[in-house]
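Each chain, written out:
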Amino acid sequence: MLQENKRLLSLDALRGFDMFWITGGDDLIHIGAKVLGWGWLAVLSQQFHHPQWNGLSAYDCIFPLFIFMAGVSVPFSLGSRLEKGVPKSKLAKKAVQRGVILVLLGIIYNNGILVKSFSEMRYASVLGRIGLAGMFAQLLYIYNPSALKLMVQGCILLLIYWAFLSWFPVPGCPLGTMTMECNPASYIDRLILPGKPYLGIHDPEGIMSTVPAVMTGLLGIFAGLRIRNHTNQSGENKAQSLALYGIIALVLGIIWSYFWPLNKNLWTGSFVLIVGGISFLLLALFYWIIDVKGLRRWTLFFVVIGTNSIVIYMLSHFVDIGHTANALFGGLLALLGPAAAKLGEVISYIAVQWCFMYILYKNRWFLKV
């Protein structure tokens with residue numbers, strides 16, 4: 001039986017798989033579809049675009065999957081400390097500290113340091129959403145590490161958010177309107193969020209939509225508890241349970257979507273449940289293949305990315321990897337035809353980026369927030 005006190009390799013691999021698609025993998029699909037002209041690749045390429053407002057694509061699952069996985073790690077990172085009697089206040093302080101650091105990193109990612117005036121900066125961010133949603137989910141776990149109670153609390157958050165979007169009045173708009181201009185979440189963000197929202201009148205990582213994102217983290221914690229605490233069950237049974245939870249969440253989310261549209265920008269409850277269900281199913285698959293069946297040789301590529309996920313996210317924004325890739329491989333690519341060279345540019349970019357991450361991995365240099 002798998003020793004659950006050890007680090008879950010499947011979680012690192014899944015995290016790397018998730019990050020790969022926003023650090024070059026999506027471009028590989030897009031360019032490959034254009035260059036190769038394969039029909040199935042063109043269909044897949046369409047899934048790597050966000051819907052303009054309502055709807056769901058595979059690309060929409062990347063962000064919430066990361067928050068979900070951050071939740072999965074919580075019972076492993078905090079559970080043993082709670083069992084050893086570490087004061088809850090100390091763990092809570094660390095959770096808040098991590099949340100604040102990620103918010104600050106997100107602000108730097110969006111704006112640089114002292115590059116823009118405070119009024120021109122965008123304060124909401126992907127890293128900020130991860131930090132705040134993870135922080136509140138961790139605090140709920142620290143003070144009440146019961147799987148059932150955490151799920152009840154998460155459901156209450158979703159219902160409160162649903163009631164808020166349905167009945168909070170927005171001046172000049174009909175009650176319950178879910179357009180970008182009229183929805184209550186965007187309206188409140190425009191009133192209290194400093195700086196400039198990402199889309200002018202709306203920010204997809206705004207303050208109000210962080211509330212349901214906490215449930216995404218709680219779903220991950222629930223999955224982590226299912227793996228860690230049920231030591232009397234086999235890995236096979238745990239994988240099956242994770243898959244079952246995924247199916248249940250998907251069914252509930254699909255039903256709810258008929259009454260509350262799927263919308264990543266607003267992080268609606270139907271969106272939370274459907275992407276949560278997909279996250280459960282992906283975790284079940286990776287856990288079963290890697291940690292239960294022990295098929296691990298193929299995981300290195302993704303583990304190298306997954307063990308330093310924040311670094312690779314920041315790296316792709318602040319370091320001109322494309323320039324390095326062109327300096328190393330540009331001459332060789334120039335000998336190829338235009339189509340092959342275009343595909344080669346993406347592959348060389350991914351290769352250079354991965355080699356840098358491998359150096360960090362090999363030397364065990366990990367950024368821990």
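Here, the structure is the one placed above.
Now for a look at the structure at hand. The structure displayed is predicted, hence computed values, not measured ones.

**What about unusual backbone geometry?**
Then comes step 1: A positive phi angle is found at L114, which is not glycine, with a value near 55°.
Then comes step 2: Of note, L114 is situated in the loop between helix 4 (88-111) and helix 5 (126-143).
Then comes step 3: The class for L114 is exposed, based on a relative accessible area of 77%.
Then comes step 4: Phi angles above zero are rare outside glycine, and R364 is one such case at about 60°.
Then comes step 5: Relative to the helices and strands, R364 resides in the segment after helix 14 (338-362).
Then comes step 6: R364 sits in the exposed class, given a relative accessible area of 63%.

**Section: the packing of aromatic side chains**
Any two aromatic rings considered together are summarised by their centre-to-centre distance and by the angle between their planes.
Then comes step 1: The final tally for this structure, using the stated rule, is 28 aromatic pairs.
Then comes step 2: Aromatic pair F17 and F286: ring centres 5.5 Å apart, planes at 50°, arrangement tilted. Here F17, found in helix 1 (residues 9-36), pairs with F286, found in helix 10 (residues 269-292); they are 269 residues apart in sequence, far enough to count as distant.
Then comes step 3: The exposure class of F286 is buried, given its relative accessible area of 7%.
Then comes step 4: On the basis of an interplanar angle of 15° and a centroid distance of 5.3 Å, the ring pair of W354 and Y358 is categorised as stacked. Of this pair, W354 and Y358 both sit in helix 14, four residues apart, which is roughly one turn of that helix.
Then comes step 5: Given the relative accessible area of 17%, W354 is considered buried.
Then comes step 6: If you follow R129 out to its NZ or CZ, it ends over the ring of W267, 5.1 Å from the centre.

**Quick look at the side chain of D60**
Then comes step 1: When you line up the elements, D60 lands in the loop between helix 2 (39-46) and helix 3 (62-83).
Then comes step 2: There is no salt bridge for the buried D60, and the closest opposite charge comes from K264, which lies 5.3 Å off by N-O distance.
Then comes step 3: A polar atom in the side chain of D60 sits 2.9 Å from the backbone nitrogen of S57.

**Structural notes on the nonpolar core**
Then comes step 1: By size, the foremost hydrophobic cluster in this structure holds 103 residues, and its most contacted members are F68, L218, I221, L242 and L283.
Then comes step 2: Aside from chain neighbours lying at most four places away, what touches F68 is T216, L219, G220, A223, G276, S279, F280 and L283.

**Focus on the state of the cysteines**
Then comes step 1: Across all of its chains, the model carries one disulfide by this definition.
Then comes step 2: In this model, C173 is linked to C182 through a disulfide, with the two sulfur atoms separated by 2.1 Å. Between C173 and C182, the S-S dihedral sits near -65°, and the bridge is therefore left-handed. Like C182, C173 is buried.
Then comes step 3: C155 carries a free sulfur, and the closest cysteine sulfur to it, the one in C61, is 20 Å from it.

**Focus on helix 9 (residues 235-257)**
Then comes step 1: Here helix 9 spans 33 Å end to end across 23 residues, near enough to the 33 Å set by a 1.5 Å rise per residue.
Then comes step 2: Burial in helix 9 covers these residues: G235, K238, A239, S241, L242, G246, A249, L250, G253 and W256.
Then comes step 3: Against the buried residues of helix 9 lie helix 6 (147-167), helix 8 (210-229) and helix 10.

The rules behind these values
Residues numbered from 1 in each chain as written. Predicted model: local features only at pLDDT ≥ 70, side-chain atom pairs only at ≥ 80, totals over all residues. Heavy atoms only, no water. Helix = DSSP H or I, 4+ residues; strand = E, 2+ residues; numbered from the N terminus. Buried < 20%, exposed > 50% of the residue type's maximum accessible area, 1.4 Å probe, protein only. Phe/Tyr/Trp six-rings, centres within 6.5 Å; stacked < 30°, edge-to-face > 60°. Lys NZ or Arg CZ within 6 Å of the ring centre and 35° of its normal. Lys, Arg positive; Asp, Glu negative; His and termini not counted. Salt bridge = Lys/Arg side-chain N within 4 Å of Asp/Glu carboxyl O. Polar contact = N/O pair within 3.5 Å; in protein donor to acceptor, adjacent residues only side chain to side chain. Core = buried A, V, L, I, M, F, W, Y, C linked by side-chain atoms within 4.5 Å. Contact = heavy atoms within 4.5 Å. Disulfide = S-S within 2.5 Å. Expected span 1.5 Å × (residues − 1).

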